[in-house]
Every structure is written in C-alpha cells, then in structure tokens.
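The primary structure of each chain is shown beneath.
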Amino acid sequence: MENISCPIFYFLLFLIALLLYHHISSKKPKWKNLQKGKLPPGSMGWPYIGDTLQLYSQDPNVFFANKQKRYGDILKTHILGYPCVMLASPEAARFVLVTYAHLFKPTYPKSKERLIGPSALFFHQGNYHSRLRKLVQSSLSPEALRKLVTDIEGLAISSLESWAKNNQIINTFRVMKKFSFEVGILAIFGQLDAKYKEELNKNYSTVEKGYNSFPTNLPGTAYYKAMVARRKLNQILSEIICQRKEKKTVEKDLLCHLLNFKDEKGQTLTEDQIADNVIGVLFAAQDTTASALTWILKYLHDDQKLLEAVKAEQRTIYESNEEGKNLLTWAQTRNMSLTYRVILESLRMSSIISFTYREAVVDVEYDGYLIPKGWKVMPLFRNIHHNPKFFADPRTFDASRFMVAPKLNTYMPFGNGAHACPGNELAKLEMLILIHHLVTKFRWEVVASEGTVQYNPFPIPHHGLPSRLWKEQEA
Ligand code: HEM
C-alpha cells in the first residue's frame, strides 16, 4: 500500500494513460477527422468493428437490402475494418465502374492477392491491365469460342452421362464445378494431358480452400497448405510452358496469347505473370459459372411449364441434328432464344456477384456527397437487379422480361466498364450447350430443396442442390 501512495506511481499511471490516449486517438477512424464535404447517410456501426458482425450474422443480401431501405441508394457503413460507401443506383454504379473508373482502383485483401498471384489482371489498372485484358479478350472472342463448341459439347455429354450413372445422388454445384473447370482448362490450354489436368485440379482445389479460410500462414492451416499448393501450380505451369515452347505449335488459346505477347519495347511477360493470369482466369471462371448452372437447374425444376418450353426449343434443334447424330453448330447456339432468356433471368435472380469493391484514390464528390480517399466503394449489383423500379415483381422468375432489353446500366451480372467480365460469352456458351443436352436426353429431380441460400462464397441453393439425374428412356 505504501508503494501505491508514492508520487512516482501516480506519475507512471498518468504517463501510461497519456500513451494509451495517444494510441487510441491516433487509431481513430479517419472518417471522424473529415472536415470538408458531406458524407452519405448511414451508420458506421460499433467502434472499430463497424457493421461487420451484423453483415456476417445474417444473409448478406438481407443486410444490403435493409441498409438501402433505411438510408437510400447511397449510404455509408464500416465493414471488415474499412469505411465504405455502398451504391445501389445504376447511375452511381456507372459513375464508379465506367465514367470515373480511373478514380477508383480495384482492391482485394493482400492475403487473397498472394494466393491468386499479384500479377493477375483484376488487381491492376492502367497500361498493364489493358494489355493483359486484350490478351484474355482475344482468347475468349467469338472467333475463338466458335472453335470450342465441339469440345465443350463433348465435355457436356460426358459430364451428364457420368452424373446419370448408378442412380446416384449428385451435389449439383460440385459436379458443375468439375464441368466449368474442364471448360476453363480448354479455353486456357486447348487440349491438355490428363496427367496435368489432374495435377492442376488437385492443387487448385487446395488453393481454393485456403482462399476461403482465415489467412494464417502457419504450418497446418488451410492458408499455409494453399500457399504450398500455389507454388506447386507454378511448377506444373512451368512444365506445361516448357513443353509448349518445345512443340512450337501455334494455338489460339489463352496460354498461347500470353506466351506470344510482346510490348512496344519487345518485352515479353515473365513466367510468374503468365502463371498468375492463368490461375486468375481459372479462378474467375469456375465457381461463378458452376453457381449459375446450379441455379438454372433449380429454376427449371421449379417451373415445369418453363422446362417444357425450353425442351421444345431444344428438341427442334436436336431433331434437325438427326436426334443428336450431328454435332451442335455455333449458329445453333446463337439461335436458342428462350434458353438464352432463361440464362439471363437466372443470372438476375441469383445475382451471383452481388457487389464489387473499389477504393477511391482521391476524394470524390458524387451526387452532393463526399467519398473520401481510401474509402471502399461498393456498387451493389444485386440491389439494382432486385429493384422493382427496374425489374417489375423482381422476386418472380420471369424469363419473358428479357424480350425487351433492360434499361441502361440496370443489368450487370458480368459487371460494367474496364473490369467487366471478359468470360461472359464463354460462360453463356457452356450453359447453352449443357442445357441443350440436359433437357433433350435427361430428366432430373431435386432430392432436397429447402429454399434457403448458402454462400460458398457465391450464393448457391442449400447443400449445393442434391439431385438425381437419369437418361430419358430409362425413366
Ligand atoms: C456466370 C459466370 C460468370 C459471372 C457471373 C462472372 C461475373 C464477373 C464480374 C461481375 C466481373 C467484374 C468484377 C468487378 O468489376 O470487380 C468479372 C470479371 C472477370 N471475369 Fe467473370 N464471370 C463469370 C464467368 C467467367 C468466365 C467463364 C471467365 C473466363 C473464362 C471469367 C473471367 C473473368 C476475368 C478474367 C475477370 C476480370 C476482368 C478484369 O479485371 O479486367 N469470368 N466476372
């Protein structure tokens, strides 16, 4: 007790309190120090954690919808340690993604960037991004896709036949992932040895698990294993590149475009840049397309009348191909108007990419509000797709709404502007081809459908939509 009454003790206590105060006030969120401009309405939630708990303790889409209902189309919040502005109007989304895209840079957590590979195009802006983007776009252009129809058809038929074997129950999302992975490999490498495919698949799956886990890089953790698998992927890709160079074949796939690239100074891409972009494209292609296909199967299953109409459209093509004896042509895939509308409506309803992230590189004023430099900006695609102002009765699946083109900038399942999805035509092509063979030769039933949504990380029907598939004549 004597010690406690000592003046030195009180001095030390005062010093500690001063240091603590300084520490806390220097960590005060930057938005509290802003002087100029009016911030959008909204709440920043709890100190430091913001609205993070609120977001993760409920369906994120309900969280976004409630925020919009309460504060309007432009609002502020605080998520995962960052102040954010959410934008739920087509004009605001266009402002950020198209008109003033140079004021907003792509932003991803460093842990995720390290796993995919920091040179992947979607982490970049400016010259490097547009060069890489041109390469990806040309490998996915209509001329390139036209040549893939037969191979994609082969993959669709063999996938469906294997799912229909032994009266088994399949996890629709999981099998669709396998299919979209194979199509992704085809677009990137053309024909690839089964040995490499298997190796890529195995290591890529480990990377994926780490991507969706807490990023602790300690031996034994999913993130650590993913980093090891990511390095292994580089080795496999290096071997494939080496073989490709030896063979000197002239292909038109993405790998070939990446290998042949030279900038105006004659500079080629490094092997790391090539690997990061190959993994990046595979990553962007797989779960998105698999999730969309899973939703399509659910929507068609839930609306037998619509399924019959899609069947009728596809049967006409099937019969003109002599009951499937002839292969599908590119022209036929361009002439599946109802099926195409079903795909568009499925993408609107499910809004797989519900929003995207950017970061303001300077203070920006929008609609009288300040978006401060360093804040995250989130165009909310799903809120726009589910706004009755743009899509009447938005919760109802109605493919016929796409008989008329949606209002400008209201339909963005593939994003908008400089980073909009370069794989959108490939994604739609593989969906059309798979649906063609599914509805003309197979039947399926959904084994368990609870009507709830699971995030994996994209929204999918609960448990990946367990289903059973069988050949039509076996019914
Ligand atoms: C239904 C399937 C798909 C959906 C819904 C989808 C959606 C999207 C969206 C919304 C973006 C923009 C993200 C942003 O602005 O931040 C994007 C970008 C991208 N997507 Fe897709 N995508 C799909 C399939 C594919 C496929 C099949 C590929 C490739 C084969 C692909 C490759 C890419 C790439 C490389 C980017 C980054 C583009 C850039 O940063 O310039 N996607 N995708």
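A quick note: this is a predicted structure, and the numbers were derived from the prediction, not measured.

Caption draft 1: Layout of helix H10 (residues 194–211). When the terminal C-alpha atoms of H10 are compared, their 25 Å separation across 18 residues agrees well with the 26 Å that a helix rising 1.5 Å per residue should span. Looking at H10, one finds that the buried residues are Leu200, Asn203, Tyr204, Val207 and Gly210. Seen along its axis, H10 keeps its buried residues to an arc of 110°; they face one direction. Opposite the buried face of H10, at more than 90 degrees from it, the exposed residues are Ala194 and Glu198.

Caption draft 2: Summary view of the UniProt feature "binding site: heme" (unreviewed entry) in the protein. Following the UniProt record, the feature "binding site: heme" (unreviewed entry) maps to Cys421 here. As for its placement among the helices and strands, Cys421 is situated in the loop between helix H17 (381–385) and helix H18 (424–441). Cys421 gets classed as partly exposed once you count the C-beta atoms within 10 Å, which come to 18. Excluding residues within four positions of it along the chain, Cys421 makes contact with Phe414 and Gly415.

Caption draft 3: Summary view of the nonpolar core. Formed by 78 residues in total, the largest nonpolar core has its most connected members in Ile152, Ile188, Val278, Ile296 and Met431. A total of 16 residues in this core trace back to one element, the largest contributor, which is helix H13 (residues 271–302). Ignoring anything within four residues of it in the chain, the contact list for Ile296 reads Val342, Ile343, Ser346, Met431 and Ile435. Grouped together as the second largest cluster of nonpolar side chains are 28 residues, Ala92, Ile384, Tyr411 and Met412 included.

Caption draft 4: A look at the site of the ligand. Close to the ligand lie 26 residues; Ala284, Thr288, Gly415, Cys421 and Gly423 are nearest. The set of elements that each furnish at least two residues to the shell around the ligand consists of helix H6 (126–139), helix H9 (172–189), H13 and H18. Counting residues per element, the shell around the ligand draws most heavily on H13, which supplies six residues. Class assignment of the residues belonging to the shell around the ligand gives a composition of 18 nonpolar, seven polar and one charged.

Caption draft 5: Layout of the sheet that holds strand S1 (residues 74–79). With mixed pairing, five strands are arranged side by side in an open sheet as S1-S2-S8-S5-S3. Strands at the two margins of the open sheet, each flanked by one partner only, are S1 and strand S3 (104–106). Within the sheet, the average angular offset between the axes of one strand and its neighbour, ignoring direction, is 35°. Across six bridges, the pairing between S1 and strand S2 (residues 82–87) is antiparallel. Residue pairing in the sheet places His78 in a bridge with Pro83 of S2.

Caption draft 6: Geometry of the sheet that holds strand S4 (residues 169–171). Strand order across the open sheet formed by three strands is S4-S12-S9, with antiparallel pairing between neighbours. A single partner strand is all that each edge strand has here, and the edge strands are S4 and strand S9 (442–446). Strand-to-strand twist of the sheet, defined as the mean angle between neighbouring strand axes without regard to direction, takes the value 40°. Strand direction decides the pairing type here: S9 and strand S12 (residues 466–471), joined by five bridges, are antiparallel. Bridge pairing in S12 places Glu445 opposite Arg468.

About the thresholds
- Residues numbered from 1 in each chain as written.
- Predicted model: local features only at pLDDT ≥ 70, side-chain atom pairs only at ≥ 80, totals over all residues.
- Helix = DSSP H or I, 4+ residues; strand = E, 2+ residues; numbered from the N terminus.
- Expected span 1.5 Å × (residues − 1).
- Buried ≥ 20, exposed ≤ 12 C-beta atoms within 10 Å, placed from the backbone.
- Arc of directions from axis to C-beta.
- UniProt positions renumbered as here; feature names shortened; annotations may be inferred.
- Contact = placed C-beta atoms within 7 Å.
- Core = buried A, V, L, I, M, F, W, Y, C linked by C-beta atoms within 7 Å.
- Near = placed C-beta within 6 Å.
- Nonpolar A, V, L, I, M, F, W, Y, C, P; charged D, E, K, R; others polar.
- Pairing = 2+ DSSP bridges.
- Axes fitted to C-alpha atoms, helices over the stretch in contact; angles between N-to-C directions.

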